[in-house]
Amino acid sequence: MTNSIAEIEDSACIFVIGSNTTACHPLVARRIFRAKEKGAALLVADPRRIQLSLFAHVAVQQRVGSDVALLNGLMHLILKNGWEDREYIAERTEGFEEVEELLADYPPDRVAAITGVAPQDLARMAELYATRKPAAILYTMGITQHTTGVDNVKAICNLAMLTGNVGFASAGVNPLRGQNNVQGACDMGGLPNVFPGYQAVNVPENNAKFSQAWGRPLSDKPGLTIMEMVKAMEEGRLKALYVVGENPKLSDPDMNHLRHAMKNLELLIVQDLFLSETAQGADVVFAAASTAEKEGTVTNTERRCLRFYQAIEPLGDCLPDWEIICRLATAMGYPMHYTGPEEIFREITRLTPSYAGMSYERLGLTGLQWPCPTPEHPGTPFLHRDRFTRGRGKFHPVSYLDPAELPDEEYPYFLTTGRMFAHYHTGTMTRVSPHLDREQPTGYVEIHPDDAARLGIAEGETVAVASPRGRLEAPARICRTVRPGNLFLPIHFGENPTNVLTSAEALDPLAKIPEFKVSKARLEKVQPS
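Quantities reported herein were computed from a predicted structural model and do not represent experimental measurements.

Caption draft 1: Up close: the pattern of salt bridges. Following the criterion strictly, the structure yields 26 salt bridges and no others. With a shortest N-O distance of 2.8 Å, glutamate 446 and arginine 48 are connected by a salt bridge. Separated by 398 residues along the polypeptide, glutamate 446 in strand β17 (residues 445-447) and arginine 48 in the loop between β2 (41-45) and β3 (58-60) bring together distant segments of the chain. In this structure, glutamate 446 and arginine 48 share a single accessibility class: buried. Notably, a salt bridge pairs glutamate 473 with arginine 471, separated by 3.2 Å at the nearest N-O pair. By relative accessible area, glutamate 473 is classed as partly exposed at 35%. Here arginine 471 falls in the partly exposed class, since its relative accessible area comes to 46%.

Caption draft 2: Molecular detail of the environment of asparagine 256. Following the sequence through the fold, asparagine 256 ends up in helix α14 (residues 255-262). Its relative accessible area of 40% is what places asparagine 256 among the partly exposed residues. Residues contacting asparagine 256, with those up to four places away along its chain left out, are Arg469, Gly470 and Val500.

Caption draft 3: Structural view of helix α11 (residues 204-214). Among the residues making up α11, those that are buried are Asn206, Asn207, Phe210 and Ser211. The buried residues of α11 occupy an angular sector of 125 degrees when the element is viewed end-on, so they sit on one face. In α11, those exposed residues whose orientation departs by more than 90 degrees from the buried face are Pro204, Glu205 and Gln212. Just downstream of α11 lies glycine 215, where phi reads positive at about 70 degrees.

Caption draft 4: Broad picture of the domain arrangement of the protein. Structurally, the protein comprises domain 1 (6-176), domain 2 (182-369) and domain 3 (413-525). Measuring from the centre of the C-alpha atoms in domain 1 to the corresponding centre in domain 2 gives 34 Å.

Caption draft 5: View of the sheet that holds strand β10 (residues 267-272). Here 3 strands make up an open sheet; going across it, the order is β9-β10-β11 and the pairing parallel. Two strands in the sheet have a free side with no partner beyond their single neighbour: β9 (240-244) and β11 (284-287). Each neighbouring strand pair of the sheet contributes to a mean axis angle of 10 degrees, computed without reference to strand direction. Here β10 runs beside β11; their pairing, made up of 4 bridges, is parallel. Directly across from glutamine 271, in β11, lies its bridge partner phenylalanine 286.

Caption draft 6: Examining the packing of aromatic side chains more closely. By the definition in use, this model includes 10 aromatic pairs. Taken together, a centroid distance of 4.6 Å and an interplanar angle of 25 degrees make the contact between phenylalanine 195 and phenylalanine 210 stacked. Taken as a pair, phenylalanine 195 in strand β7 (residues 194-195) and phenylalanine 210 in helix α11 lie far apart in primary sequence, 15 residues in all. Just as phenylalanine 195 is buried, phenylalanine 210 falls in that class too. One aromatic cluster is present, formed by Phe195, Phe210 and Trp214 through successive ring pairs. In this arrangement the basic side chain of arginine 48 is found over the ring face of phenylalanine 488, its NZ or CZ atom lying 3.7 Å from the centre.

Caption draft 7: Representation of a nonpolar patch on the surface within the structure. There is a patch of nonpolar side chains on the surface, built from Leu273, Phe274, Met429 and Val432 and spanning about 330 Å² of accessible area. Following the sequence through the fold, methionine 429 ends up in the loop between β16 (413-418) and α18 (434-439).

Basis of the calculations
Residues numbered from 1 in each chain as written. Predicted model: local features only at pLDDT ≥ 70, side-chain atom pairs only at ≥ 80, totals over all residues. Heavy atoms only, no water. Salt bridge = Lys/Arg side-chain N within 4 Å of Asp/Glu carboxyl O. Helix = DSSP H or I, 4+ residues; strand = E, 2+ residues; numbered from the N terminus. Buried < 20%, exposed > 50% of the residue type's maximum accessible area, 1.4 Å probe, protein only. Contact = heavy atoms within 4.5 Å. Arc of directions from axis to C-beta. Domains from an automatic or database assignment. Pairing = 2+ DSSP bridges. Axes fitted to C-alpha atoms, helices over the stretch in contact; angles between N-to-C directions. Phe/Tyr/Trp six-rings, centres within 6.5 Å; stacked < 30°, edge-to-face > 60°. Lys NZ or Arg CZ within 6 Å of the ring centre and 35° of its normal. Patch = residues over 30% accessible without salt bridge, like charges linked within 9 Å, V, L, I, M, F, W, Y side chains within 5 Å. Areas by Shrake-Rupley, 256 points an atom, 1.4 Å probe, with all protein chains shown as cover.

Take a look at the structure:
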């Protein structure tokens with residue numbers, strides 16, 4: 001996030017797009033509701049009619065995969081009405097003229113034809129966002145999990161800069177992370193092309209720095225993305241896979257294809273709290289300690305590095321992740337003898353400039369937000385205060401492109417996927433909780449009443465959903481949350497594995513993220529046997 005979560009309460013306008021915030025980030029949703037109580041305008045754009053939509057000043061249900069058209073349409077109207085911040089654009093950005101020219105091609109009628117959003121709703125959203133400052137944008141994987149995910153984010157940034165809403169408190173562009181340490185994992189080099197602190201592996205100075213620190217010559221070639229790993233498994237180029245805290249057999253797209261590829265592995269190691277679907281097929285399973293059984297730090301969605309403290313001794317033979325990794329490295333001939341998490345954190349601060357001013361003592365109870373470059377630095381509540389990191393903020397012209405798959409005669413429905421309130425990711429932790437599993441014990445398919453009536457489907461009846469890649473059965477949930485011609489499946493349930501239907505071929509060309517949010521599908525009523 002460019003800004004702090006607490007600042008959301010003081011926003012004059014909050015635009016939530018592609019985020020079911022009450023279900024996936026309930027504590028952030030509380031901040032949104034508090035801001036609304038203080039008078040903030042709430043705008044919601046989501047293909048489903050989510051809970052936040054019920055409280056919004058304007059809520060729209062754009063067609064899945066049409067976000068660029070929607071965002072360009074908003075900017076078209078802002079320019080047409082003179083609501084842009086010309087002074088901010090001139091002083092702090094570059095590339096605006098090219099974007100301005102492109103936006104002329106997105107009048108309300110064209111945007112309505114692409115998105116299904118009425119011109120009057122588009123106009124009201126544009127006015128509220130542009131004329132109420134500070135305005136914050138919040139988004140999640142409803143924006144990124146597309147073949148145009150990078151374009152979607154660029155369009156959001158264009159909108160924020162167009163109205164002068166970057167570099168100020170309670171404004172900004174704010175992606176909400178899916179887990180509590182996703183930001184921290186990325187910060188620590190949990191990406192195929194960077195060392196900790198986003199220091200590129202193919203930059204000689206960075207490579208020399210980390211090679212010296214870790215006492216081994218390091219490769220300067222970026223590694224593989226997840227989808228590239230699957231292809232490498234299939235082709236026999238990837239022989240071993242070490243999975244830590246992940247359940248790819250349920251979370252990755254085109255599950256049948258993935259399972260076929262994983263059969264070519266010579267070694268599969270899984271490190272997790274519970275015996276997930278992936279762990280059940282592993283050659284070696286390392287029992288990892290839970291958060292309550294260890295200490296360390298996490299860095300959350302607002303770039304805040306926080307300490308957490310051990311509450312109980314590890315159960316059974318489980319160990320903290322850092323200790324498992326140290327033991328494995330030592331057994332493989334690279335001795336790692338850290339005394340504990342604090343020593344590891346000191347190494348982080350030595351090698352990662354944005355963490356350089358942090359220490360366990362300074363983190364205290366409330367943590368620090370990076371960048372925090374010196375021991376005297378107070379941390380950074382929001383980014384780009386006086387200037388962008390690159391100097392000037394860059395506008396990117398982004399044109400609308402269709403999703404990789406569109407409904408056709410054989411598969412006439414749009415299918416989208418996501419989370420629901422009671423469960424988390426693939427249910428590895430939440431589904432072993434009787435209380436949470438009681439809330440929602442199985443998967444389901446959301447179907448619009450018009451589609452259900454046409455097919456003679458009643459609430460709770462078993463239906464089949466098929467795509468070009470597979471088929472599953474689940475109970476029908478008939479509701480107006482989805483648009484006619486759209487289906488929604490939650491991702492948490494191994495007995496109704498959503499990702500048997502999604503595509504591993506439809507990827508964003510830059511980020512290589514699969515298009516989980518748009519597939520074509522067929523819906524059938526299952527006749528009782």
